[in-house]
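The primary structure of each chain is shown beneath.
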Amino acid sequence: MRRQKMSKNTMKRPINILVGFPCMDSIPTGTMASLIALQKPIGTKFTVVQNSLVHYARNEIAAKAITGEYDAVLWIDSDMKFESGAMMQLVDDMFGAGTNRRAVPRIDYVAGLFFKRSFPTTPVVYSSIDYDHDGNNAHCNLITYDRYPDNAMFECAGTGFGFVLTSVRLLKEVWEAFGPPFDPMLMLGEDISFCKRVEELDEKMWCDSRVKVGHIGRWVYDESTWKMQKAIPPETWGGAAK
């Protein structure tokens, strides 16, 4: 029986994803358990870069992804706790689900929903980032969401990098326009610096609130912590707890 020849449109190459894991020292048990259980596309590779300066670690991971011809990087901080399907949800957001999955991304930046590791906790997802500088002085006002779309993907002005999927196409574009993409801008962290550069390129950023990520500190700060705090009088919160 003659075999039917597959057309180019039906031939799907695997999506090559690098999981980038910058860290400074030890990794919490909750993060390790999440990594062990993580569902991922076939062929996914991991890289751990240890450096006390996180922007150096992120730039090194970005360079590995670009030179290694990966399609995307999943950035995971070393104090995150997440469900086993979290990565696959972001991959489906970016590349399409099931038989429609393709190597060319529909979007180039999508983050899971996570929260600040202190009280009062807030989403590390921003509705606006107001930043200006005159060379020697800078001002930045990060506006977080008091409410956000529940269990949905929505456009945002930027996020922290606790659990984020970026296309390598975007990393290349930022590097070509600005140099190392995570070098801190004046008075900004490396994650918000990257987001501002993405904004300057008129690229969009998204958050998927179905991907719920915990931030490990004294306890796990997550969406349930945030909702609980809203129901408790502020005077009972106590000081910042890390």
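Here is a short report on the structure shown in this document. (Residues numbered from 1 in each chain as written. Predicted model: local features only at pLDDT ≥ 70, side-chain atom pairs only at ≥ 80, totals over all residues. Heavy atoms only, no water.)

What about the overall build of the protein chain?
Across its full length, the protein chain carries six helices and 12 strands. Burial status across the protein chain gives 45% buried among its 242 residues. Expressed as a percentage of contacts within the protein chain between residues at least 6 apart in sequence, the contacts between residues at least 24 apart total 73%. Within the structure as shown, the protein chain displays about 12700 Å² of accessible surface, and the carbon and sulfur contribution to it stands at 52%. (Helix = DSSP H or I, 4+ residues; strand = E, 2+ residues; numbered from the N terminus. Buried < 20%, exposed > 50% of the residue type's maximum accessible area, 1.4 Å probe, protein only. Contact = heavy atoms within 4.5 Å. Areas by Shrake-Rupley, 256 points an atom, 1.4 Å probe, with all protein chains shown as cover.)

Describing helix α1 (residues 29-37)
Among all positions of α1, only T31, S34 and L35 are buried. Considered in projection along α1, the buried side chains sweep an arc of 100° and stay on one side of the axis. The exposed residues of α1 that point more than 90 degrees off its buried face are T29 and I36. Elements that come into contact with the buried residues of α1 comprise β1 (17-23), β2 (45-50), β3 (72-76), β4 (80-82) and β11 (205-216). (Arc of directions from axis to C-beta.)

Side note on the pairing of β3
Across the five residues of β3, five count as buried, placing the element largely inside the fold. The alternating pattern of β3 places A72, L74 and I76 and V73 and W75 on opposite faces, both of which are buried. Bridging between β1 and β3 involves four bridges; their strand directions are parallel. Bridging across to β3, V19 finds its partner in L74. (Pairing = 2+ DSSP bridges.)

Concerning the environment of W206
The topology assignment puts W206 in strand β11. W206 sits 50 residues away from C156 along the chain, and the two C-alpha atoms are 5.4 Å apart. What W206 contacts, discounting residues up to four positions off in sequence, is I107, Y109, V110, A111, M153, F154, E155 and C156.

Focus: the packing of helix α4 (residues 168-178) against helix α5 (residues 190-200)
Where α4 contacts α5, the axes come no closer than 10 Å and their chain directions differ by 85°. On the basis of their axis angle, the class for α4 and α5 is roughly perpendicular. Counting all contacts with α4, which are made through L170, L171, V174 and F178, the residues of α5 involved are F194, R197, V198 and E200. Its residues assigned to classes, the contact of α4 with α5 shows six nonpolar, no polar and two charged. (Axes fitted to C-alpha atoms, helices over the stretch in contact; angles between N-to-C directions. Parallel < 35°, antiparallel > 145°, perpendicular 65-115°, else oblique. Nonpolar A, V, L, I, M, F, W, Y, C, P; charged D, E, K, R; others polar.)

Quick word on the sheet that holds strand β7 (residues 138-144)
Read from one edge of the open sheet, three strands run β7-β6-β9, paired in antiparallel fashion. Of all the strands in the sheet, just β7 and β9 (158-159) have a single pairing partner and so form its edges. Of the strands in this sheet, β6 (125-133), β7 and β9 are in contact with α5, which crosses β6 at around 85°.

Considerations on the side chain of H215
Structurally, H215 is set in strand β11. Here F115 takes part through its backbone oxygen, which lies 2.7 Å from a polar atom of the side chain of H215. Every residue in contact with H215, bar those within four places of it in the chain, is listed here: D79, M80, F114, F115, K116, R117, V220 and Y221. (Polar contact = N/O pair within 3.5 Å; in protein donor to acceptor, adjacent residues only side chain to side chain.)

Here's the deal with the layout of surface pockets
By volume, the largest pocket is sized at about 620 Å³. Lining the largest pocket are 26 residues; nearest its centre among them are V54, R58, D77, D79 and H215. If you list the elements that add at least two residues to the lining of the largest pocket, you get β1, α2 (54-67) and α5. Across the lining of the largest pocket, the residue classes tally to 10 nonpolar, eight polar and eight charged. (1 Å grid on protein atoms, 1.4 Å probe; cavity = no way out; pocket = protein on both sides within 12 Å on 5 of 7 lines; lining within 4 Å. Points joined across faces, edges and corners; volume = space filled by probe spheres on them.)

Some words on the pairing of β11
Of all the 12 residues making up β11, 10 are buried; the element is thus mostly covered by neighbouring parts of the structure. Pairing geometry for β4 and β11, over three bridges, is antiparallel. The residue bridging F82 from the neighbouring strand is V213, located in β11. Two strands pair when backbone bridges link them, and strand β5 (residues 109-113) and β11 are joined in this way by four bridges, in the parallel orientation. Bridging across to β11, A111 finds its partner in C207. Two elements, strand β8 (residues 153-156) and β11, share four bridges in a ladder whose sense is antiparallel. Pairing of M153 across the sheet is with D208, part of β11. Sheet topology places β11 next to strand β12 (residues 220-221); two bridges connect them, and they run antiparallel. Within β12, the residue paired with H215 across the bridge is Y221. The hairpin formed by β11 and β12 contains three residues between the paired strands.

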